[in-house]
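Chain and residue survey
If you want the building blocks of each chain, they are given just below.
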There are 2 protein chains.
Amino acid sequence: MTGPPADLVPRLDLYRERVRAALDARLPPASREPTRLHEAMRYAVLGGGKRVRATLVYAAGETVEAPAPRLDPPACAVELVHAYSLVHDDLPAMDDDDLRRGRPTCHRAFDEATALLAGDALQTLAFECLATPSPGLPTDQRLAMVQTLAQASGSLGMAGGQAQDLAAVGHVLDLAGLERMHRLKTGALIRASVRLGALTGEDLATRALEDLDGYARCIGLAFQIQDDILDVEGETEAIGKTRGSDAARNKPTFPSLLGLEESKRRARDLHAEALEHLDGFGPSADTLRWISAFIVSRAS
Amino acid sequence: MTGPPADLVPRLDLYRERVRAALDARLPPASREPTRLHEAMRYAVLGGGKRVRATLVYAAGETVEAPAPRLDPPACAVELVHAYSLVHDDLPAMDDDDLRRGRPTCHRAFDEATALLAGDALQTLAFECLATPSPGLPTDQRLAMVQTLAQASGSLGMAGGQAQDLAAVGHVLDLAGLERMHRLKTGALIRASVRLGALTGEDLATRALEDLDGYARCIGLAFQIQDDILDVEGETEAIGKTRGSDAARNKPTFPSLLGLEESKRRARDLHAEALEHLDGFGPSADTLRWISAFIVSRAS
């Protein structure tokens, strides 16, 4: 692989547009009561973003040859959980951020109470997406998806990672502690995204599922390292939030513990390791391979 | 029915103790990392409460002769959703309450960020309870429960009612508007509790499900009217929060719109209507009948 295949960028764009349309259809219209809540939910979800988690669902679905419509519910569900976590994370009680994806954060555009409720209702909608009958997705697969998403999002997953992150501010955290925190905070939902896509396949071998999970663990951590690198090196405009905001908050980061160059090397190593996990797959895993490359080379 | 059967009070106590033990088993131990988050989750859930929603699940289960162990997952799920909503509702951005069930609210006992995350993780755990395999609960029933709970909790249910409640502070709200708000804010989860219990039965007739739903709609509203009455008449110690706090906040209430006596008459009428909906049921609905009586006569 010397460069992405010509159809990769359009394919990722297609997936992004696909999940945006699916989310748009599943979110109640802004005209429906309570209108302010629905406006805030739509603002938080439809305002852009890289849709990394949704594209991982679709790309993992490619490896098991699942038709795209079957992947819409889990793709929406992971984006809804991600969006809810950002809305709550930005609140004054947490990170107190004013800017997200280059726009005012949800509580700045609306108000704190509305943002709190919008986050709550987005989480609920994620589970509703998976529970609502959908063509081609049998009951047992959908229930397994609810379980996977819940385990990845709760106190032993994403929310637990956020709690560890809070506890770490102003404290000394070693590399192992930082990795442990990020494996939950961002890693758990990224792993779940790959697993949810893979779950739509029939008769997937346990070994293949483990390989995909190994891939997902690597890119989850690489994603966070690249985030930390961009917080040091990126342009505020491109990353959509204030540069250096993590460092200013005295949050431990990979560059602060490892240095910038060593952090970049670590991200590249994780990318290579991610690709190794896909050795047993043919061209059906090419999109996953190129998402991994995108994760460590992205500028925003 | 001239008085509750001798075994009713012990039976309700049994259900309360049953759901408490089931919740205790499903909540991660406080010793598990992140410990502060797990402590806060346990504090918010295991600190008492009337467990009205859980007892409704068990009592609705009686009408379809479901064994109690089959009812533990939905009983836990409704209590977890209720607990999460109270934790978030008490936050400074919402009601800013210091006292709940006679103890400091979660964010006062811990901190705002921890309370926010604890509420988030409790909602997740509610769905995980329903998705985790459980003896006697087939996959399709559990998935239907996820859907029912999600619809009742989201922006067109409980969270939507809270948004309407926020929008109503300081505004003129007529009786129809107040009822509409409460049918979502507290009513939706109470209806879901009865429905979840009924869903554990096999081959329940549509008519029976509709009757149970009619019952649940009546007691849901009666519950809220009695809450408003207690806010005027109750003792701070008994109701576990500051008396008159709704009135002080300029929130519209049933007594403020109807007067106290008319509010009491309305609660009694709803109780009578709730019982009528159960006319087609025999003694298997006696616990539901007495829960209705308890709701309009309770002092806390």
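Values in this document were obtained by computation on a predicted structure and should not be read as measured data.

Basis of the calculations
- Residues numbered from 1 in each chain as written.
- Chains lettered and ligands numbered in written order.
- Predicted model: local features only at pLDDT ≥ 70, side-chain atom pairs only at ≥ 80, totals over all residues.
- Heavy atoms only, no water.
- 1 Å grid on protein atoms, 1.4 Å probe; cavity = no way out; pocket = protein on both sides within 12 Å on 5 of 7 lines; lining within 4 Å.
- Points joined across faces, edges and corners; volume = space filled by probe spheres on them.
- Helix = DSSP H or I, 4+ residues; strand = E, 2+ residues; numbered from the N terminus.
- Nonpolar A, V, L, I, M, F, W, Y, C, P; charged D, E, K, R; others polar.
- Contact = heavy atoms within 4.5 Å.
- Salt bridge = Lys/Arg side-chain N within 4 Å of Asp/Glu carboxyl O.
- Polar contact = N/O pair within 3.5 Å; in protein donor to acceptor, adjacent residues only side chain to side chain.
- Least-squares fit on C-alpha atoms with pLDDT ≥ 70 in both.
- Buried < 20%, exposed > 50% of the residue type's maximum accessible area, 1.4 Å probe, protein only.
- Phe/Tyr/Trp six-rings, centres within 6.5 Å; stacked < 30°, edge-to-face > 60°.
- Lys NZ or Arg CZ within 6 Å of the ring centre and 35° of its normal.
- Core = buried A, V, L, I, M, F, W, Y, C linked by side-chain atoms within 4.5 Å.
- pLDDT = per-residue confidence, 0-100.
- Patch = residues over 30% accessible without salt bridge, like charges linked within 9 Å, V, L, I, M, F, W, Y side chains within 5 Å.
- Areas by Shrake-Rupley, 256 points an atom, 1.4 Å probe, with all protein chains shown as cover.
- Lys, Arg positive; Asp, Glu negative; His and termini not counted.
- Charge placed at Lys NZ, Arg CZ, Asp CG, Glu CD.
- Axes fitted to C-alpha atoms, helices over the stretch in contact; angles between N-to-C directions.
- Parallel < 35°, antiparallel > 145°, perpendicular 65-115°, else oblique.

Some words on empty space enclosed by the protein
If you walk through the whole model with that rule in mind, you get 8 cavities of 30 Å³ or more. By volume, the largest cavity amounts to about 130 Å³. Contributing to the lining of the largest cavity are 13 residues, with Y43(B), A44(B), R100(B), R103(B) and C106(B) lying nearest its centre. Among the secondary structure elements, those contributing two or more residues to the lining of the largest cavity are α2 (35-46), α4 (68-89) and β2 (103-104) of chain B. A total of 3 residues in the lining of the largest cavity trace back to one element, the largest contributor, which is α4(B). Classifying every residue of the lining of the largest cavity gives 7 nonpolar, 2 polar and 4 charged. Taken as a whole, the second largest cavity spans an internal volume of roughly 110 Å³. Lining the second largest cavity are 13 residues; nearest its centre among them are A44(A), V87(A), D90(A), R100(A) and C106(A). Elements represented by at least two residues in the lining of the second largest cavity include exactly α2 (35-46), α4 (68-89) and β2 (103-104) of chain A. No other element matches α4(A), which puts 3 residues into the lining of the second largest cavity.

Quick notes on the interface of chain A and chain B
Opposite the 44 residues of chain A that make contact, chain B presents 44 residues. Joining chain A to chain B, the criterion identifies 0 salt bridges. There are 8 residue pairs in polar contact (both at pLDDT 80 or more) connecting chain A and chain B. Mapped onto the side of chain A that touches chain B, the elements with two or more residues apiece are α2, α4, α6 (112-131), α7 (139-153) and α8 (158-168) of chain A. Per element, the largest residue contribution to the side of chain A that touches chain B is 12 residues, and it comes from α6(A). Partitioned by chemical class, the residues of the side of chain A that touches chain B number 22 nonpolar, 15 polar and 7 charged.

Quick notes on the relation of the copies chain A and chain B
Relative to chain B, chain A is turned by 180° and slid 0.0 Å along the rotation axis, the superposed coordinates differing by an RMSD of 0.0 Å. The superposition of one copy onto the other is thereby described by a two-fold rotation axis. When C-alpha distances to the rotation axis are compared across chain A, the minimum falls at L143(A), with a value of 3.0 Å. In this assembly, 100% of the residues forming the interface of chain A have copies in chain B that are likewise at the interface, indicating an isologous arrangement.

Some words on the environment of L117(A)
Along the chain, the position of L117(A) falls in helix α6. A relative accessible area of 2% means that L117(A) is categorised as buried. Note: C-alpha distance between L117(A) and V87(A) (30 residues apart in sequence) is 9.8 Å. Setting aside its immediate chain neighbours within four residues, L117(A) contacts L37(A), M94(B), A159(B), Q162(B), A163(B) and L166(B).

Regarding the pattern of salt bridges
All names here are of chain A. A complete count under the given rule lists 39 salt bridges over all chains for this structure. A salt bridge links D165 to K185; the shortest N-O distance between them is 2.7 Å. Of this pair, D165 sits in helix α8 while K185 sits in helix α9 (residues 175-185), placing them 20 residues apart in sequence. Relative accessible area serves as the criterion here: at 16%, K185 is assigned to the buried category. R265 is the partner of E262 in a salt bridge, and the nearest nitrogen-oxygen pair spans 2.6 Å. Of this pair, E262 and R265 are both found in helix α15 (residues 260-277), 3 residues apart, which corresponds to roughly one turn of the helix. For E262, a relative accessible area of 30% translates into the label partly exposed. A single salt-bridge network, built from bridges that share partners, covers E179, R183 and R266.

Here we look at unusual backbone geometry
With the exception of glycine, most residues fall at negative phi, and the peptide bonds are largely trans. Put simply, E33(A) and P34(A) share a cis peptide bond, and its omega is -10°. Among the structural elements, P34(A) can be located in the loop between α1 (8-26) and α2. Of note, E65(B) is a non-glycine position whose phi angle comes to about 55°, a positive value.

Comments concerning the packing of aromatic side chains
All names here are of chain A. A complete count under the given rule lists 5 aromatic pairs over all chains for this structure. Considering the side-chain rings of Y43 and F110, the 5.5 Å spacing of their centres and the 75° angle between planes classify their relative orientation as edge-to-face. With Y43 in helix α2 and F110 in the loop between α5 (106-109) and α6, this residue pair connects regions lying 67 residues apart in the sequence. With respect to class, Y43 is no different from F110; both count as buried. For the cation-ring pair, R103 lies above Y43, with the distance from its terminal atom to the ring centre recorded as 3.8 Å.

A word on the nonpolar core
Ranked by size, the top nonpolar core spans 180 residues in total, and within it L149(A), Y215(A), L149(B) and Y215(B) carry the most contacts. Among all residues touching Y215(A), those that are not within four sequence positions of it are L56(A), V194(A), A274(A), H277(A), L278(A), L288(A), I291(A) and S292(A).

Quick look at the confidence of the model for chain A
Looking at chain A as a whole, its pLDDT mean stands at 91, while 93% of the residues score no less than 70. Scoring of the predicted complex yields 0.95 for pTM and 0.95 for ipTM.

Some words on a negative patch on the surface
Together, D96(A), E112(A), D96(B) and E112(B) line one region of the surface with negative charge. Tracing the backbone shows E112(A) in helix α6. Residue classification places E112(A) among the partly exposed residues on the basis of a relative accessible area of 33%.

Some remarks on the environment of D90(A)
All names here are of chain A. Following the sequence through the fold, D90 ends up in the loop between α4 and β1 (99-100). Expressed as a C-alpha distance, the spacing of D90 and L156, which sit 66 residues apart in the sequence, is 21 Å. Each residue touching D90, except ones within four places of it in the same chain, is listed here: D95, D96, D97, R100, T105 and H107.

Structural notes on the packing of α6(A) against helix α8 (residues 158-168) of chain B
Where α6(A) contacts α8(B), the axes come no closer than 10 Å and their chain directions differ by 170°. With respect to α8(B), the element α6(A) is oriented roughly antiparallel. Of the residues in α8(B), those in contact with A113(A), T114(A), L117(A) and A121(A) of α6(A) are A159(B), Q162(B), A163(B) and L166(B). Of the residues that constitute the contact of α6(A) with α8(B), the class distribution is 6 nonpolar, 2 polar and no charged.

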